[in-house]
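Summary of the model geometry
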Amino acid sequence: MSNFSNQSKKAKPIINKTVLKSSIVAGAFLFSGIHQSAQANSKSIVAVEPLVCDVVSAIAPPSTPVTCLIERKQDVHDVKITPRQAQTLKSANQVFTLGSEMTPAIKKWLDNPLTVVVGVSAIEIDAYHDDHDDHSAAKDDDHDDHGDSHGEGAFEWAGVFDLSAGTYKWSFAKVDGDYADPAMKMVILNSGDIEASEELAKELLGSKDSETKRNNDKLVAQEKAYFLSFNEKKDITTFTVEIKKAGKYAFFTEHMPFEFEADEHFFKDVSGDDVEPIAQVPDEGDHHHHHDHGGLDPHIWHDPHNIIKMGNVISKNINKKISFFDRETKKVLKERTQAVNSILEDLDLWTQKQVATIPTDRRTIVSKHKAMEYYGDAFGLKTLSLLDFLGGSSSLRPETISTVIAELKEENVNVLFAEQKPPSKLLKNLSRQTSSPIARNQIFVDGLMLEGNTVSVAVHNTCTIVDSLGGECDEKEGEKLENKWNSLTNP
């Protein structure tokens, strides 16, 4: 009995070493598979603007997925981040963007350690392009100091509405969780002429004797400015506009009303139908009002050497995410970066040759906004912005038209360049009054065209400028550079 008992105590489970070894290997393989899967998911890159997405796609190894956040047809100045786009940003391993100078909606994502700015605030700009006249108003954080940039009594927008007697609703909504500004001034005048009422409106907006109004308060036409205070606890602050007598009314506002649009139009009648102005300044339908970017001009890519600098920042940050032991992927990244830089150097040389064919006395680019300054500085062309003469309004007035005409004659300007199709009313008006034709093709100043790549838009702009100013553009050589770039983004 005791022998049996002793044997029982000594007995131990028999473990097959082969099975144990196999289990460890299988577990390691399983863990490795999970790790590799997570690693694969962690490689995802999100590029905010279309142009940045194109550059990132040309540089990133083909094994690294790149997602373009904003569609080409969208205006990056005015875009609003949707919930789906926000989720895409949250799940990304890296985010590349030009920054809030170009895309205000990305501001709240800049504190994310995974966000990499590759725009004007991140690269070293050559000394010849530090600041420009139309970018002197400092706006450190999109709208934080927005009210201070207008100057005493200034207005950013004015609109005339033909209104029937009755009640209307003017609303201000939070966009991406914030109001464009916590408050602003507004003047409502019984007038159908913006220019005739402008001086009075400026005087009233600049006066300290304004009437404070809050959510649901009533507004009427009067010769006194309203100080509209927005309710931070609400997503929308609404004011009732009471029109006592049918007629035309001019509204002057310190900010663009479109900056406060989230899901609905800012002005509605009692039935909830949108009420549109019969005249407004600025008068362009696409509301490109964000071209004043503070002290930094964000349109850096019009100089190919700046794209090289952007690309180097992109390459350096992608490289940080690649394992030290993954020498092959690091090698591919380096080769693609070198290929991108080579194409851009060739683009720079090609552009110099094309611009050199323009008669020296015709090397001036006239457009509405100062967005081609880097291009002009890099390739020896003078750039003139119509807004330098017009100030905050996009209408030509008697006191400014003579100045514009004199300047265009002095610079021997023969062509005006449109930034949109069809050309703005401003450009058409100026063309008619100065007998200067508008270039047949528009120039693309804010990024990519609907089709093509980073080099495509550079070639298109150069050939449009060169051919319009009397030079001869070698488009076929430009197309070769486009195709080289395409071989990187579409292998």
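Anyway, here's the lowdown on the structure attached to this text. (Residues numbered from 1 in each chain as written. Predicted model: local features only at pLDDT ≥ 70, side-chain atom pairs only at ≥ 80, totals over all residues. Heavy atoms only, no water.)

Quick look at the overall build of the chain
For the chain, the count of helices and strands is 13 helices and 16 strands. Expressed as a percentage of the 491 residues in the chain, the buried residues total 49%. Long-range pairs, those at least 24 residues apart, make up 70% of the contacts in the chain between residues at least 6 apart in sequence. Summed over all atoms, the accessible surface of the chain reaches about 24300 Å², with 50% contributed by carbon and sulfur. (Helix = DSSP H or I, 4+ residues; strand = E, 2+ residues; numbered from the N terminus. Buried < 20%, exposed > 50% of the residue type's maximum accessible area, 1.4 Å probe, protein only. Contact = heavy atoms within 4.5 Å. Areas by Shrake-Rupley, 256 points an atom, 1.4 Å probe, with all protein chains shown as cover.)

Regarding the sheet that holds strand β11 (residues 236-243)
Sheet strands line up and pair through hydrogen bonds in the backbone, either parallel or antiparallel. One open sheet accounts for 4 strands, arranged β9-β11-β6-β13; its pairing is mixed. The outermost strands of the open sheet, each flanked by one partner alone, are β9 (218-219) and β13 (267-269). With 3 bridges joining them, strand β6 (residues 166-173) and β13 adopt antiparallel strand pairing. Among the inter-strand pairings, Tyr168 is bridged to a residue of β13, identified as Asp269. (Pairing = 2+ DSSP bridges.)

Notes on the packing of aromatic side chains
What the rule picks out here adds up to 21 aromatic pairs. Between Phe324 and Phe325, the aromatic rings sit 5.5 Å apart at their centres with planes inclined by 85 degrees, giving edge-to-face as the arrangement. Clustering of aromatic rings is evident, with ring pairs tying together Trp157, Phe161, Tyr168, Trp170, Phe251, Phe258, Phe266 and Phe267. Over the face of the ring belonging to Phe324 we find Arg327, whose NZ or CZ atom lies 4.8 Å from the ring centre. (Phe/Tyr/Trp six-rings, centres within 6.5 Å; stacked < 30°, edge-to-face > 60°. Lys NZ or Arg CZ within 6 Å of the ring centre and 35° of its normal.)

A closer look at the sheet that holds strand β4 (residues 115-117)
In space, the 4 strands of this open sheet follow the order β2-β1-β3-β4, with parallel pairing throughout. Each having just a single partner strand, β2 (66-68) and β4 make up the two edges of the open sheet. Direction aside, neighbouring strands of the sheet carry axes that sit 25 degrees apart on average. Relative to β4, strand β3 (residues 94-97) runs parallel, the two being bridged by 3 bridges. Bridge pairing in β4 places Thr97 opposite Val117. (Axes fitted to C-alpha atoms, helices over the stretch in contact; angles between N-to-C directions.)

Quick word on empty space enclosed by the protein
Applying the stated criterion across every chain, the model contains 5 cavities of 30 Å³ or more. In this structure, the largest cavity occupies an estimated 130 Å³ of space. Trp301, His302, Leu347, Tyr375 and Ala458 are, among the 14 residues lining the largest cavity, the residues nearest its centre. Counting residues per element, the ones that place at least two in the lining of the largest cavity are α6 (304-320), α7 (327-355), α8 (373-379) and α12 (454-468). It is α12 that provides the largest number of residues to the lining of the largest cavity, a total of 5 residues. The residue inventory of the lining of the largest cavity, partitioned by class, reads 9 nonpolar, 5 polar and no charged. Looking at the second largest cavity, its volume works out to about 70 Å³. What lines the second largest cavity is a set of 10 residues, and nearest its centre among them are Lys368, Glu419, Gln420, Ser424 and Leu427. For the lining of the second largest cavity, a count of residues per class yields 3 nonpolar, 4 polar and 3 charged. (1 Å grid on protein atoms, 1.4 Å probe; cavity = no way out; pocket = protein on both sides within 12 Å on 5 of 7 lines; lining within 4 Å. Points joined across faces, edges and corners; volume = space filled by probe spheres on them. Nonpolar A, V, L, I, M, F, W, Y, C, P; charged D, E, K, R; others polar.)

A word on α6
With 17 residues, α6 extends 25 Å between its outermost C-alpha atoms, agreeing within 8% with the 24 Å of an ideal straight helix rising 1.5 Å per residue. Where α6 is concerned, the buried positions are Pro304, Asn306, Ile307, Ile308, Met310, Gly311, Ile314, Ser315, Asn317 and Ile318. (Expected span 1.5 Å × (residues − 1).)

Regarding the state of the cysteines
Cysteine pairs can be covalently joined through their sulfur atoms, and such a bond is termed a disulfide. For the coordinates displayed, the defined rule picks out 2 disulfides. Here Cys463 pairs with Cys473 through a disulfide, and the sulfurs are 2.0 Å apart. Measuring handedness by torsion sign, the sulfur bridge of Cys463 and Cys473 sits at about -60 degrees and is left-handed. Taken together, the positions of Cys463 in helix α12 and Cys473 in the loop between α12 and α13 (475-489) put the pair 10 residues apart, joining distant regions of the chain. We classify Cys473 as buried; its relative accessible area is 17%. (Disulfide = S-S within 2.5 Å.)

Structural notes on the packing of α6 against α7
Running from N to C, α6 and α7 cross one another at 175 degrees; their axes reach a closest spacing of 9 Å. With respect to α7, the element α6 is oriented roughly antiparallel. Contacts between α6 and α7 involve Pro304, His305, Ile307, Ile308, Asn312, Ser315, Ile318 and Asn319 from the first element and Lys330, Leu333, Thr337, Asn341, Leu344, Glu345, Leu347 and Asp348 from the second. Taken together, the residues of the contact of α6 with α7 break down into 7 nonpolar, 6 polar and 3 charged. (Parallel < 35°, antiparallel > 145°, perpendicular 65-115°, else oblique.)

Description of the packing of α12 against α13
Their axes nearest at 8 Å, the elements α12 and α13 cross at an angle of 165 degrees. Relative to α13, the element α12 is oriented roughly antiparallel. Viewed along their axes, α12 and α13 form a crossing whose handedness is right-handed. Contacts between α12 and α13 involve Thr454, Val455, Ser456, Val459 and Cys463 from the former and Glu475, Gly478, Leu481, Glu482 and Trp485 from the latter. Tallied by class, residues from the contact of α12 with α13 come to 5 nonpolar, 3 polar and 2 charged. (Left-handed = near helix turned anticlockwise from the far one by under 90°.)

Side note on the pattern of salt bridges
A side chain of one charge can pair with a side chain of the opposite charge if their charged atoms are brought near each other. Overall, the coordinates contain 8 salt bridges when judged by the stated rule. Between Lys218 and Glu242 there is a salt bridge, with its nearest N and O atoms 3.7 Å apart. Within this pair, whereas Lys218 is found in strand β9, its partner Glu242 is found in strand β11, the two being separated by 24 residues in sequence. Taking the relative accessible area as the measure of exposure, Lys218 reaches 42% and is therefore partly exposed. Since its relative accessible area comes to 26%, Glu242 is described here as partly exposed. For Asp274, the salt bridge is made with Lys268, and the minimal N-O distance between the two is 2.6 Å. Of the residues examined, Asp274 reaches a relative accessible area of 44% and is grouped as partly exposed. Taking the relative accessible area as the measure of exposure, Lys268 reaches 17% and is therefore buried. (Salt bridge = Lys/Arg side-chain N within 4 Å of Asp/Glu carboxyl O.)

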